[in-house]
Each structure stands twice: as C-alpha cells, then as structure tokens.
Amino acid sequence: MAELTIGSHISSAGGYEAMGKRAVKMNANTFAFFTRNPRGGKAKEIQQEDVERYKDIAREHEFGKIVAHAPYTMNACAAKEDLREFAKNILTDDLKRMDYIPGNYYNFHPGSHVGQGAQTGIEKIAQVLNAVLNPEWNTTVLLETMAGKGTEVGRNFEEIRQIMDLVECREKLGVCMDTCHLWDGGYDIVHDLDGVLEEFDSIIGLEHLKAVHLNDSKNPLGSHKDRHEKIGEGHIGLDALAAVVQHPRLRHLPFILETPNDEAGWAEEIRTLRDICGDS
Ligand code: FE
Ligand code: FE
Ligand code: ZN
C-alpha cells in the first residue's frame, strides 16, 4: 500500500465511478471534488449504482478519506439573512448527498463577513453550523484555514478556534489546512513548519486537523492574496511542501492538490511527491 494519501481536486463530471477512475489513473488514493457547480446551482442526482461501482474502486485501490468541497457561493456569515438561509440549505443538502459515501470529509470556506466584523462573522458561521450539524450525519465537516483575502473569516488559527468553540456538535467538525492560505496568511511554513504546527496545536489542537490542501503560492509570505501555484513553482517551493507531506504529525492525513494544472500535471506532482516519500 502506498504510504502517502494524495490526490488532486478533480472534475465531478460523470459521477463517482468516473472520479474514482480518474484518480486511479493519476496514481492518487484520495481526491477532492465540488459537490455541485462551485458557483452555486442545483446538484445532480446521485445514482446508487454509480456509488457502488465507485466504492469497489476505492476498496480495490485502498483509497483514504476523500474531501468534498462546498461551493464558493456559500457564505455562512453573509449580512443578508436569506443568504445565510441559502448556506444552511446547501450544507444540509450536501450532507445528505455525502451520506451516500459515509465516513468522508466535506470542506468549506468559513465565510466573508463583508464589513460586519470578524466577531459577528464568527458568530453567524457557528449559528449556521449549529442549525445543520448533528451526530446523525456520517461526514466530518472541515473549516478551511483562509488567506485573509478581503473580509475572509478563518484568517488565523484563533478565528478557526473561536468558531469551533461556539459549535455544539464538535464530533462532526474538523479543520482543513491549506498551505497556500497559511503562507499568504503570514504563517512561515518554509522556515518554521514545526513552529507553525506547534501554534496550530496549542490554539486549535492537531487532533482536529483532518486534511491538507497542498498548494504552492504565487505570492510572498503574508500577502493575503490566495493565488495557488504549481508545486515547486511558487514562493513556498518544493522542499517546504515535501517537508509538509513527510512531517510526522501530518503524513497520515489526506493531501489534496489544488494547483493550476490538468490531470497530467497533477499526476506528475503526485509522482514527484511519492518519489520524495519513497512510495512505489
Ligand atoms: Fe478551498
Ligand atoms: Fe484550499
Ligand atoms: Zn485558495
């Protein structure tokens, strides 16, 4: 079995079996996908037979947990109530859909407070999560660490922690760390990965970290830009990203590439990282 659990964000076209095949083709053993059009809209109906065929592929190729991504249009801390209601509906519908493939992850951007202030944003995000999360869902919902672009909430570990503290159903909540966002947010994972992880551990707790988005960044440390770059072609660089996937406190996690690539490019990045880790 491959040591590293790694894959990329792939197109959901064709359904689950098609995604599984696409992942296998690029030597991935996890992947991410949008549960619906990333700009919003109605989700396609799920076919049970398609899900069963996918599960066979996942079993045969020993996939780790997969990491679905919520649409970007969802803003759980929007100023307008109907938009927060929309976020609740999307989340509920997506969790219903995720129950076809129980035991996986669903990652979302906490939201943008659009001038209401981070504190108000944090409270509204927690309200949405409290309205939706319950122990019956078979999916863990992950808050993504953000770059702090515009009025994004979740721009540092403290804000993620504050959201978590207000959520009642903590057993269904975790965190997804995005390396580009961390870097753009001012966390120096190039020169002090251990220090950043210690900080994460003391503020959030590393036991809550469930997945990593592995991206290079087009911009320097603390730029708050959120522009992903191919692995090794940005300001973070291959050595630092290789240290992330090999880190003893991280290497058991699913790593998801969200780099500006096509499937051949992701396959290449997966090969590079597997080689570094000594994976066959
Ligand atoms: Fe994301
Ligand atoms: Fe990400
Ligand atoms: Zn990003």
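Residues numbered from 1 in each chain as written. Chains lettered and ligands numbered in written order. Predicted model: local features only at pLDDT ≥ 70, side-chain atom pairs only at ≥ 80, totals over all residues. Heavy atoms only, no water.

### Here we look at the sheet that holds strand 12 (residues 254–257)
Strand pairing in a sheet is mediated by backbone hydrogen bonds. Such pairs are either parallel or antiparallel. With respect to topology, 8 strands assemble into an open sheet ordered 1-12-9-8-6-4-3-2, the strand pairing being parallel. Each of the sheet's edge strands pairs with one partner strand only, and the pair in question is strand 1 (5–8) and strand 2 (32–34). With direction set aside, neighbouring strand axes in the sheet form an average angle of 30 degrees. Looking at chain direction, strand 8 (residues 173–178) and strand 9 (residues 209–214) are connected through 4 bridges and run parallel. (Pairing = 2+ DSSP bridges. Helix = DSSP H or I, 4+ residues; strand = E, 2+ residues; numbered from the N terminus. Axes fitted to C-alpha atoms, helices over the stretch in contact; angles between N-to-C directions.)

### So, the coordination of the iron ion (ligand 2)
Looking at the iron ion (ligand 2), the protein donor atoms are E144 (OE), D178 (OD), H213 (ND1) and E258 (OE), and they sit 2.0 to 2.2 Å from it. Bound by 4 donor atoms, the iron ion (ligand 2) shows angles of 83 to 173 degrees at the metal and therefore irregular coordination geometry. In terms of primary sequence, the donors binding the iron ion (ligand 2) are separated according to E-x33-D-x34-H-x44-E. With relative accessibility at 1%, the residue H213 sits in the buried group. (Donors = N, O, S within 2.8 Å, 3.2 Å for Na, K, Ca; no water. Tetrahedral: all angles 85-135°; square planar, octahedral: opposite > 155°, others 65-115°. Buried < 20%, exposed > 50% of the residue type's maximum accessible area, 1.4 Å probe, protein only.)

### Notes on helix 3 (residues 81–98)
In this model helix 3 runs 26 Å from its N-terminal to its C-terminal C-alpha over 18 residues, within 8% of the 26 Å that 1.5 Å per residue would give. Taken residue by residue, helix 3 has R84, A87, I90, L91, D94, L95, R97 and M98 as its buried positions. Down the axis, helix 3 shows its buried residues gathered within 155 degrees of arc, on one side only. Residues of helix 3 that are exposed and point more than 90 degrees away from the buried face comprise E81, D82 and K96. Buried residues along helix 3 sit against strand 2, strand 3 (67–69), strand 4 (105–108), helix 4 (118–132) and strand 6 (140–144). (Expected span 1.5 Å × (residues − 1). Arc of directions from axis to C-beta. Contact = heavy atoms within 4.5 Å.)

### Here's the deal with the pattern of salt bridges
Counted under the stated rule, the structure contains 13 salt bridges. Residue K88 is joined to E85 by a salt bridge in which the shortest nitrogen-to-oxygen separation is 3.5 Å. A residue pair is termed a helical-turn pair when its members lie 3 or 4 positions apart in one helix, as K88 and E85 do in helix 3 at 3 residues. We classify K88 as partly exposed; its relative accessible area is 24%. Residue classification places E85 among the partly exposed residues on the basis of a relative accessible area of 33%. Of the charged contacts, one joins D201 and R249 as a salt bridge, the two residues approaching to 3.0 Å between their closest N and O atoms. Note that D201 is positioned in helix 7 (residues 193–203) and R249 in the loop between helix 8 (238–246) and strand 12, a separation of 48 residues in sequence. Classification of D201 as partly exposed rests on a relative accessible area of 29%. (Salt bridge = Lys/Arg side-chain N within 4 Å of Asp/Glu carboxyl O.)

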